[in-house]
Amino acid sequence: MLIAASLVLLHRDPKHSGLVSKTSADLCAGMLETHSSQTRFFLKIVQQGWFRPVARLIEGITIPGILLHYALRKKCIAALACSALNDGTTQVVTIGAGFDPLTFELHHDFPSVRFWEIDHPTTQRHKLRALPRVSPDRLHFVAADLNATALDKEPLIANGFDPTRRTFWIAEGLLMYLRADMVASLIRTLNSLSASRSQFVFTFMEKNGDGGIRFDSQSKLVDRWLRSRGEPFLWGATRSELVGLVGPWRVIRFLDHNDLRRLESRLADESIAKGEVICLAQI
Ligand SMILES: C[S@@+](CC[C@H](N)C(=O)[O-])C[C@H]1O[C@@H](n2cnc3c(N)ncnc32)[C@H](O)[C@@H]1O
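This report concerns the structure included in the present document.

1. Side note on the overall build of the protein chain
Then comes step 1: Per the secondary structure count, the protein chain includes 12 helices and seven strands.
Then comes step 2: For a compact globule of 283 residues, the expected C-alpha radius of gyration is about 19 Å, and the protein chain comes in at 18 Å, within 12% of that figure.
Then comes step 3: Over its C-alpha atoms, taken along the principal directions, the protein chain stretches across nearly 50 × 45 × 35 Å.
Then comes step 4: Burial statistics for the protein chain: of 283 residues in total, 39% are counted as buried.
Then comes step 5: Here the contacts in the protein chain between residues at least 6 apart in sequence split such that 75% fall between residues at least 24 apart.

2. A word on the site of the ligand
Then comes step 1: Neighbouring the ligand are 16 residues; G96, G98, H120, T123 and G173 lie closest to it.
Then comes step 2: Residue classes in the shell around the ligand are distributed as six nonpolar, six polar and four charged.

3. Some remarks on the nonpolar core
Then comes step 1: Of all hydrophobic cores here, the largest spans 74 residues; its most connected members are V8, C28, A71, I170 and F204.
Then comes step 2: Top element by residues in this core is helix α5 (residues 66-86). It accounts for 10 residues.
Then comes step 3: With sequence-adjacent residues up to four places away left out, F204 is seen in contact with L175, M176, G236, A237, L242, V277 and C279.

4. Structural notes on the packing of helix α1 (residues 2-12) against α5
Then comes step 1: One way to put it is that α1 packs onto α5 with a least axis distance of 10 Å and a crossing angle of 90 degrees. Regarding the angle of α1 to α5, the classification is roughly perpendicular. On α5, the residues that touch I3, S6, L7, L9 and L10 of α1 are L67, Y70 and A71.
Then comes step 2: Residues of the contact of α1 with α5, tallied by class, amount to seven nonpolar, one polar and no charged.

5. Here we look at the sheet that holds strand β5 (residues 199-205)
Then comes step 1: Strand order in the open sheet formed by seven strands is β3-β2-β1-β4-β5-β7-β6, with mixed pairing between adjacent strands. Where the open sheet ends on each side, the last strands, each with one partner, are β3 (139-143) and β6 (250-255). Strand-to-strand twist in this sheet, taken as the mean axis angle between neighbours without regard to direction, amounts to 20 degrees.
Then comes step 2: Across four bridges, strand β1 (residues 91-95) lies against strand β4 (residues 167-171) in parallel orientation. Looking at β4, one finds that T94 is bridged to I170.

6. Looking at helix α9 (residues 180-192)
Then comes step 1: Relative to the 18 Å expected for 13 residues at 1.5 Å per residue, α9 spans 19 Å between its end C-alpha atoms, a close match to the ideal helical length.
Then comes step 2: In the core, the buried residues of α9 are packed alongside β4, β5 and α11 (239-246).

7. Some remarks on unusual backbone geometry
Then comes step 1: Cis rather than trans, the peptide bond between G247 and P248 has omega equal to 5 degrees.
Then comes step 2: Looking at where P248 falls in the secondary structure, it is placed in the loop between α11 and β6.
Then comes step 3: Phi angles above zero are rare outside glycine, and R197 is one such case at about 70 degrees.
Then comes step 4: Looking at the element boundaries, R197 is found in the loop between α9 and β5.

8. Digging into the environment of R239
Then comes step 1: Relative to the helices and strands, R239 resides in helix α11.
Then comes step 2: It is 39 Å that separates the C-alpha atoms of R239 and T34, two residues lying 205 residues apart in sequence.
Then comes step 3: Beyond its immediate stretch of four places on either side in the chain, R239 contacts E206 and F254.

9. Description of the environment of G96
Then comes step 1: Mapped onto the elements of the fold, G96 is located in the loop between β1 and α6 (102-109).
Then comes step 2: As a C-alpha pair, G96 and R227 span 131 residues in sequence and 19 Å in three-dimensional space.
Then comes step 3: When neighbours within four sequence positions are excluded, G96 is seen to be in contact with D119, A171, G173 and L174.

Definitions and limits used
- Residues numbered from 1 in each chain as written.
- Predicted model: local features only at pLDDT ≥ 70, side-chain atom pairs only at ≥ 80, totals over all residues.
- Helix = DSSP H or I, 4+ residues; strand = E, 2+ residues; numbered from the N terminus.
- Rg over C-alpha atoms; globule rule 2.2 N^0.38 Å.
- Buried ≥ 20, exposed ≤ 12 C-beta atoms within 10 Å, placed from the backbone.
- Contact = placed C-beta atoms within 7 Å.
- Near = placed C-beta within 6 Å.
- Nonpolar A, V, L, I, M, F, W, Y, C, P; charged D, E, K, R; others polar.
- Core = buried A, V, L, I, M, F, W, Y, C linked by C-beta atoms within 7 Å.
- Axes fitted to C-alpha atoms, helices over the stretch in contact; angles between N-to-C directions.
- Parallel < 35°, antiparallel > 145°, perpendicular 65-115°, else oblique.
- Pairing = 2+ DSSP bridges.
- Expected span 1.5 Å × (residues − 1).

That's the geometry; what it means functionally is another story.
Written as structure tokens, this is what we have:
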């Protein structure tokens, strides 16, 4: 919900509106509108011009640069997905999709591609309620708690997923919430479901010097808030640990806050949260 609200906020900010498409912002607003009376109220506030400096203040005392990080992370992953789809990939599976609007945008732009979203049942239930009308033949939803049991292939296959076709897998902002053994198990399962030249884009928290799993600028307030929500970060890795862990996937590249900044030269002076890295891997 916070990510959805951030996208609505940035889209309405004249300085950053170009980072978030109107379709994306509208879909996120739709999620907040339907979720509950609290999120409906929150949406109304986020849409007010006077709230922008308040949001900056809140960002400053929690995780400076997190709003731009979310928007640029999404922009980067969307570009990688489009590039794979333009290159002949015909299936996209988003794991831990949350309220992310990417599937809907791609679904509209690539009419011959099929999509699946896998998410925790609690999150997915809300998304399904807010869902815009989409073709049920090309978009499927699978509910799974990935910390409770390994990803089950059967519901995907039963919903038309074809392991012999090239797939683009996305796990954005998910793996830090899973235990290390479940991350390893998920990577193995995706490998067993992936045809040659399939790609996997995911984000991970890069362990800092003292082995901590957090954004560099993250305040203690956020640590406490994540714990109280039952959403502490459980897993992180260094880049070299990750290269070993994802095998037989081959890491094509890592993209960090510096790479994200390069996507938008006019943001040179703005802070972008550091700590979560995007990894693109291929089989
Ligand atoms: C921070 S949100 C990211 C959402 C979206 N990918 C994005 O970047 O906007 C984390 C997502 O991970 C999912 N998630 C967390 N723990 C999970 C679990 N144990 N099993 C399945 N999904 C989980 C949540 O339901 C949520 O969709």
